[in-house]
Amino acid sequence: MTSRNDEDDNGFAEWGGYMAAKKAKLVEQYEQQASSSKKQSDILTGVAIYVNGYTSPSAEELKILMSAHGGVYHTYQMPKTTHIVASILPNAKVKQLGSVPIVKATWISDSIAAGALLDHRKYLLYTGHDDKQPKLDCVRPKTLTAADPGFLSEFYNNSRLHLISTLGAEYKQLVNQLREKSNGVYPGRERLRTLPRGLAPSERVVMHIDMDCFFVSVGLRSRPQLRGRPVAVTHGRGTPINRPQASVECENELVKKYFPNENFEDVDSHGSMAEVASCSYEARQCGVRNGMLLGNALKICSDLKTIPYDFEGYREVSTALYKTIAEYTLDIEAVSCDEMYVDVTPILAAANITVEDWATHIRKEVIAVTGCPCSAGFGANRLQARLANKRAKPAGQFYLRPDDVETYMAQVSLSDLPGVGSATVAKLTKMGLHKCGDLQTVSRGQIQAELGNKIGQTVADLANGIDHKPLNFHHERKSVSADVNYGIRFKDKTEASNFLQSLSAEVCARLKDVGMR
DNA sequence: ATCCTCCCCTAC
DNA sequence: TAAGGTAGGGGAGGAT
Ligand SMILES: Nc1ccn([C@H]2C[C@H](O)[C@@H](COP(=O)(O)OP(=O)(O)OP(=O)(O)O)O2)c(=O)n1
Ligand SMILES: [Mg+2]
Ligand SMILES: [Mg+2]
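What counts as what
Residues numbered from 1 in each chain as written. Chains lettered and ligands numbered in written order. Predicted model: local features only at pLDDT ≥ 70, side-chain atom pairs only at ≥ 80, totals over all residues. Heavy atoms only, no water. Donors = N, O, S within 2.8 Å, 3.2 Å for Na, K, Ca; no water. Helix = DSSP H or I, 4+ residues; strand = E, 2+ residues; numbered from the N terminus. Pairing = 2+ DSSP bridges. Axes fitted to C-alpha atoms, helices over the stretch in contact; angles between N-to-C directions. Parallel < 35°, antiparallel > 145°, perpendicular 65-115°, else oblique. Left-handed = near helix turned anticlockwise from the far one by under 90°. Contact = heavy atoms within 4.5 Å. Nonpolar A, V, L, I, M, F, W, Y, C, P; charged D, E, K, R; others polar. Near = heavy atom within 4 Å. Polar contact = N/O pair within 3.5 Å; in protein donor to acceptor, adjacent residues only side chain to side chain. pLDDT = per-residue confidence, 0-100. Areas by Shrake-Rupley, 256 points an atom, 1.4 Å probe, with all protein chains shown as cover. Domains from an automatic or database assignment. Tetrahedral: all angles 85-135°; square planar, octahedral: opposite > 155°, others 65-115°. Buried < 20%, exposed > 50% of the residue type's maximum accessible area, 1.4 Å probe, protein only. Salt bridge = Lys/Arg side-chain N within 4 Å of Asp/Glu carboxyl O.

- Chain A is annotated in an unreviewed UniProt entry as DNA repair protein REV1 of Photinus pyralis.

## Here we look at the coordination of the magnesium ion (ligand 3)
Argument step 1. Looking at the magnesium ion (ligand 3), the protein donor atoms are D210 (OD), D338 (OD) and E339 (OE), and they sit 2.2 to 2.4 Å from it.
Argument step 2. Along the chain, the residues donating to the magnesium ion (ligand 3) are arranged with the sequence spacing D-x127-D-E.
Argument step 3. Between the magnesium ion (ligand 3) and the magnesium ion (ligand 2), a separation of 3.5 Å is found, and both are coordinated by D210. Taken together, the residues D210 in strand 5 (residues 206–211) and D338 in the loop between strand 9 (332–336) and strand 10 (339–343) connect sequence positions 128 residues apart.

## Considerations on the sheet that holds strand 7 (residues 278–279)
Working definition: the strands of a sheet are paired by backbone hydrogen bonds and lie parallel or antiparallel to each other.
Argument step 1. The mixed open sheet is built from 3 strands, whose spatial order is 7-6-8. At either margin of the open sheet sits one strand with a lone partner, and together these are strand 7 and strand 8 (305–307).
Argument step 2. Two strands pair when backbone bridges link them, and strand 6 (residues 231–233) and strand 7 are joined in this way by 2 bridges, in the antiparallel orientation. When the bridges of strand 7 are listed, V233 appears paired with S278.

## Some points on the packing of helix 17 (residues 444–451) against helix 18 (residues 453–463)
Argument step 1. Contact pair helix 17 / helix 18: the axes reach a minimum separation of 7 Å and the direction vectors enclose 135°. Relative to helix 18, helix 17 is oriented oblique. When the axes of helix 17 and helix 18 are compared, the crossing they make is right-handed. Each of R444, I447, Q448 and L451 in helix 17 lies in contact with helix 18, whose residues at this interface are N453, I455, G456, Q457, V459 and A460.
Argument step 2. Partitioning the contact of helix 17 with helix 18 into residue classes produces 5 nonpolar, 4 polar and 1 charged.

## Thoughts on the protein's contact with DNA strand C
Argument step 1. Taken together, 34 residues are adjacent to DNA strand C, and S159, H162, K454, N485 and Y486 come closest.
Argument step 2. Taking L161, its main chain carries an N or O atom lying 3.4 Å from a phosphate oxygen of DNA strand C.
Argument step 3. For the surface near DNA strand C, the secondary structure elements donating two or more residues are helix 5 (151–156), helix 6 (160–180) and helix 18.
Argument step 4. For the surface near DNA strand C, the per-class residue count stands at 12 nonpolar, 13 polar and 9 charged.

## So, the protein's contact with DNA strand B
Argument step 1. In the vicinity of DNA strand B, the contacting residues are S336, D338, E339, R386, L417, P418, G419, V420, G421, S422, A423 and T424.
Argument step 2. Counting only the atoms of DNA strand B that lie within 4 Å of the protein, the sugar and phosphate share comes to 100%.
Argument step 3. One of the side-chain N or O atoms of R386 is found 3.2 Å from a phosphate oxygen in DNA strand B.
Argument step 4. Between DNA strand B and A423 there is a distance of 3.1 Å, counted from a phosphate oxygen to a backbone nitrogen or oxygen.

## Re the confidence of the model for chain A
Argument step 1. Averaged over every residue, the pLDDT of chain A is 85; residues scoring 70 or more account for 81%.
Argument step 2. Predicted confidence for residues 3–34 stays below pLDDT 50, and this span has 32 contacts to residues more than four positions away or in other chains.
Argument step 3. Overall fold confidence (pTM) sits at 0.77, and the ipTM for the predicted complex is 0.98.

## What to know about the site of ligand 1
Argument step 1. Taken together, 15 residues surround ligand 1, and among them R160, C213, S278, Y281 and R284 come closest.
Argument step 2. With respect to ligand 1, the side chain of D210 contributes an N or O atom lying 2.9 Å from an oxygen atom.
Argument step 3. One of the backbone nitrogen or oxygen atoms of C213 is found 2.8 Å away from an oxygen atom of ligand 1.
Argument step 4. With the chains in place, 78% of the 550 Å² that ligand 1 exposes on its own is no longer accessible.
Argument step 5. Taken together, the elements giving at least two residues each to the shell around ligand 1 come down to strand 5, helix 7 (214–220) and helix 9 (281–285).
Argument step 6. Classifying every residue of the shell around ligand 1 by side-chain character gives 6 nonpolar, 3 polar and 6 charged.
Argument step 7. Taken domain by domain, the shell around ligand 1 gets at least three of its residues from each of domain 2 (160–217 + 312–400) and domain 3 (223–307).

## Section: the coordination of the magnesium ion (ligand 2)
Argument step 1. Summarising the metal site, the magnesium ion (ligand 2) is bound by the protein donors D210 (OD), M211 (O) and D338 (OD), whose distances to it range over 2.0 to 2.3 Å.
Argument step 2. Relative to the metal, the 6 donor atoms surrounding the magnesium ion (ligand 2) lie at angles of 74 to 179°, and the coordination shape comes out octahedral.
Argument step 3. Relative accessible area serves as the criterion here: at 2%, M211 is assigned to the buried category.

## A closer look at the sheet that holds strand 2 (residues 72–74)
Argument step 1. Within the open sheet, the 4 strands sit side by side as 2-1-3-4. Their pairing is parallel. At either margin of the open sheet sits one strand with a lone partner, and together these are strand 2 and strand 4 (102–103).
Argument step 2. Taken together, the 4 bridges between strand 1 (residues 48–52) and strand 3 (residues 83–86) define a ladder with parallel strand orientation. Across the sheet, residue I49 finds its bridge partner in strand 3, namely H83.
Argument step 3. Along the sheet face, helix 2 (residues 59–68) touches strand 1, strand 2 and strand 3 and points at about 145° away from the line of strand 2.

## Considering the pattern of salt bridges
Argument step 1. Under the defined criterion, the tally for this structure stands at 15 salt bridges.
Argument step 2. Put simply, E365 and R191 hold a salt bridge, and the shortest N to O gap is 2.5 Å. Note that E365 is positioned in helix 13 (residues 355–370) and R191 in the loop between helix 6 and strand 5, a separation of 174 residues in sequence.
Argument step 3. Notably, a salt bridge pairs R401 with E356, separated by 2.9 Å at the nearest N-O pair. Placement of the pair is R401 in the loop between strand 12 (397–399) and helix 15 (405–410) and E356 in helix 13, with a sequence separation of 45 residues.
Argument step 4. Assessed through its relative accessible area of 39%, R401 is described here as partly exposed.

Given below as structure tokens:
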């Protein structure tokens, strides 16, 4: 579901008409909500809730009550969330949510009925110290499915991919804002005065800086005993439900049949289906990779230790990283929550320092401020900076000097070029090409015939260390979308359309958030 | 040529 | 149990 009308008419006229009707209803609902949310009191001022799962009153009702009484409703947990509202939470989950108090929904409705904010401690769902299961305050189904109203927020609260997408957009926005209100003064540069001087390079220098195994590094801050060991961040704990052997074999067979050229990981009946979001460099030595299924990672690295996600921690570290760099320059292109390109030429020139001294300084500062290691690569363009960083990792730095580019590039694997993924690698392999240097043996026309005009040209350039794409310091988003490919199994058309309606509402809310409509 | 629409590919 | 999102670049093929 997107801001464009791509849900209209997929060949089903009836469907298109139905969606149009639904959309009209949605608009109506929004207007109703806006009008019914006229202020009735201020008793909930300062309260910001996030609702987890089923409650009574429902999440939908709480949303309206909150805004009617001066409170704030968060669709998912945020730093400013003051209370989590829930009916039941497993102990493991309670731990994970941290120090935010978890209260029953009746705290809100009772407070409104009483005309004053009641002591939330009387409504705590979980009293903290005993191991007793929390009490139910309403009936709740066993598992949330995509047809349930709470499904979307529950999913978003656990989706790492949703998180990193959201964070990426936030930091692009942050850079925009910092640049708009900048007064051109960079206080961090004062701190460079103690470095040796008189040696700044005359050419342009781009830095690519990226946190080392980001999620793992954040997790290791509070688990120093795991440093130096193979560690992975994942939801799974290595003990999956047992799928019937037959179903697993059937899946592997079908995958091979339909994707004969792909080398997909086999799933096995004992393996956890949870994905490894990030793994330590010790785990990588055994062949573990980000994005792998935990079950398969455990097969090649049996002493892999798993640690849970820490979404708030990632947010804190990312913010600290961006704030730190922004003290030196705002010539920053945000790439993601753990990564950015920076034009450091003016920094080096102003302080008259070498790339190496700057790199050592900034890496030290990032680790001091975040508690997490990062690496930095430098070169004359973004490609060179990025390849340099790949070589620098972990916890290192590398400057790919202009004089060394030609020699260096020849031995770089084509698969290491940005934009060259598995499909492109397959095509290049079929042509007998593996290293950037191999491209010298074929004409540009031949490459373009295989890869297409544009990509062919770009790859040919990249293989020679050439990258014409400038750093983009100001990001404008061109589209807003929401889609879910997890847990979608509808019983009937009504369930499906209800879900589509929640997704539409989500896109709507995001558009409003971005200031459109 | 330039567009539009429906994909595929890539990256984090 | 597990949480397979999101945005951008660009190609193929047909309409203009
Ligand atoms: N398939 C992936 C890839 C990445 N990430 C998340 C977790 C990573 O920690 C974070 C940053 O991605 P990077 O590509 O920078 O990978 P790492 O930081 O983990 O490792 P590296 O040291 O190679 O940068 O994004 C993820 O959840 N799933
Ligand atoms: Mg990283
Ligand atoms: Mg990264």
